[in-house]
Amino acid sequence: MDFDRSIKIAPSILSADFADFGREIRAVEDQGADWVHVDVMDGHFVPNITFGPPAVAAFRKHVRTVMDVHLMIAPVDPYIDAFARAGADIITAHVEAGPHIHRTLQAIRGAGAKAGVALNPGTPAESVEHLLDLADLVCVMTVNPGFGGQKFIDMTDKVRRLHAMIGDRPVHIEIDGGVDPTTAPGLARAGADVLVAGSAVFRGGSVSNSAPYGENIAAIRAAAQAALG
Ligand code: DX5
Ligand code: ZN
């Protein structure tokens, strides 16, 4: 996984057919996905429940790109090794999930994965200021986590601040929630390079008709790239 700041589209399989993850993953990758985003929810940190390490290990067999695992769970530390063993390339934990995010990021790297740190909409950019040398990715939530298909919350100013704080460190800025061709341009201009999209990728398509996935991915990418000139 080499570092670069080119625009990457990461479809969230939260919007896929839950009875057909293997084919859904292959379909979005065949249709141009750069990464595959996996949303893990525990019914405690967020008001929804998705899947645990055995399911993520099963997804791994189908992912040929980068498996980007977003943990919306608290506590998070007891599960890091299990998600690393499940084959996560990137494990992202929330600043708000516990008192020791610094230790959590150390543990993620110690388990052999890239470390991501996510910020809820109400959490300031400055909360990760002292973590940037321990992080490979900062995820800016542009919805309150828990569900796909929610209305975009504008965090452009936060993205701009993070971009300045990161400077030339090799740290990705990822956006999660409400990303589509209308919201992507401002985010790319502010410095985001990884765009997670669930509903805006999966809408209109299916495993047996996956061309719309490709059109949707291409539309988000084109909108973001056009904004960069
Ligand atoms: C929200 C998840 C997101 C979600 C994005 O809690 O972290 O990854 O699936 O979905 P859309 O793109 O539909 O807002
Ligand atoms: Zn997510």
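Here the structure is a predicted model, which is why all the values come from computation and not from measurement.

1. A closer look at the side chain of T92
Here's step 1: With respect to the helices, strands and loops of the structure, T92 is situated in strand β4 (residues 90–94).
Here's step 2: Residues in contact with T92, not counting those within four places in the same chain, are D68, V69, H70, L71, G116, V117, A118, L137 and C139.

2. Thoughts on the coordination of the zinc ion (ligand 2)
Ideal geometry at a metal centre gives angles of 109.5 degrees when four donors are arranged tetrahedrally and 90 or 180 degrees when six donors are arranged octahedrally.
Here's step 1: Taken together, the protein ligands of the zinc ion (ligand 2) are H37 (NE2), D39 (OD), H70 (ND1) and D176 (OD), with distances of 2.0 to 2.3 Å.
Here's step 2: Taken together, the 6 donor atoms surrounding the zinc ion (ligand 2) define angles of 68 to 169° at the centre, an arrangement classified as octahedral.
Here's step 3: Here the donor residues for the zinc ion (ligand 2) map to a single chain with the spacing H-x1-D-x30-H-x105-D. Within this pair, whereas H70 is found in strand β3 (residues 67–72), its partner D176 is found in strand β7 (residues 172–176), the two being separated by 106 residues in sequence.
Here's step 4: On the basis of relative accessibility, which here comes to 1%, the residue H70 falls in the buried class.
Here's step 5: Under the relative-accessibility criterion, D176 is labelled buried at 8%.

3. Describing the site of ligand 1
Here's step 1: For ligand 1, the set of nearby residues contains 20 residues, the closest of which are D39, G149, D176, G198 and S199.
Here's step 2: S199 places a polar side-chain atom, nitrogen or oxygen, 2.6 Å from an oxygen atom of ligand 1.
Here's step 3: For the shell around ligand 1, the elements supplying multiple residues, two or more each, are β2 (36–41), β3 and β8 (194–197).
Here's step 4: Broken down by element, the shell around ligand 1 gets its largest block of residues, 3 residues, from β2.
Here's step 5: Classifying every residue of the shell around ligand 1 gives 8 nonpolar, 10 polar and 2 charged.

4. Quick notes on the pattern of salt bridges
Once the charged atoms of two side chains with opposite charge are near each other, the side chains can pair.
Here's step 1: Counted by the stated rule, this structure contains 13 salt bridges.
Here's step 2: Across the pair R64 and D30 runs a salt bridge whose closest N-O atoms are separated by 2.9 Å. Highlighted residues: R64 in the loop between α2 (53–60) and β3 and D30 in helix α1 (residues 21–30), separated in sequence by 34 residues. Here R64 matches D30 in class, with each residue exposed.
Here's step 3: One salt bridge in this structure joins R160 and D157, with 3.7 Å as the shortest N-O distance. Residue R160 and its partner D157 are located together in helix α5 (residues 156–166), separated by 3 residues, close to a single helical turn.
Here's step 4: Among the charged side chains, a salt-bridge network with shared partners connects D4, R5, K8 and D193.

What counts and how
Counting of residues starts from 1 at the beginning of each chain's written sequence and follows it residue by residue. For this description, chains carry letters from A and ligands carry numbers from 1, given in the order in which they are written. Given that this is a predicted model, residues contribute local features only at a pLDDT of at least 70 and side-chain atom pairs are listed and counted only at 80 or more, while totals for whole chains, interfaces and linings are drawn from all residues. Side-chain metrics in this entry use all non-hydrogen atoms of the structure; hydrogen atoms and water are not considered. Helix and strand assignments come from DSSP, with helices taken as H or I runs of at least 4 residues and strands as E runs of at least 2, each series counted from the N terminus. A contact between two residues is defined here by any heavy atoms of the two lying within 4.5 Å. Here the term donor refers to an N, O or S atom within 2.8 Å of the metal (or 3.2 Å for Na, K and Ca), and because water is left out of the atoms, sites may appear incomplete. Each label reflects the angles at the metal, where four donors whose angles all fall between 85 and 135 degrees are tetrahedral, four or six donors whose opposite pairs open beyond 155 degrees and whose other angles stay between 65 and 115 are square planar or octahedral respectively, and the rest are irregular. To sort residues, take the accessible area from a 1.4 Å probe on protein chains only and compare it with the maximum for the residue type: under 20% means buried, over 50% means exposed, and anything in between is partly exposed. By convention in these notes, a residue is near a molecule or strand provided one of its non-hydrogen atoms lies within 4 Å of it. Two N or O atoms count as a polar contact when they lie within 3.5 Å, although within protein this holds only if one can serve as hydrogen donor and the other as acceptor, and sequence-adjacent residues are included solely when both atoms are side-chain atoms. The classification used treats Ala, Val, Leu, Ile, Met, Phe, Trp, Tyr, Cys and Pro as nonpolar, Asp, Glu, Lys and Arg as charged, and all other residues, Gly among them, as polar. Any carboxyl oxygen of Asp or Glu that lies within 4 Å of a side-chain nitrogen of Lys or Arg is treated as forming a salt bridge with it.

These results come straight from atomic positions and should not be treated as a statement about function.
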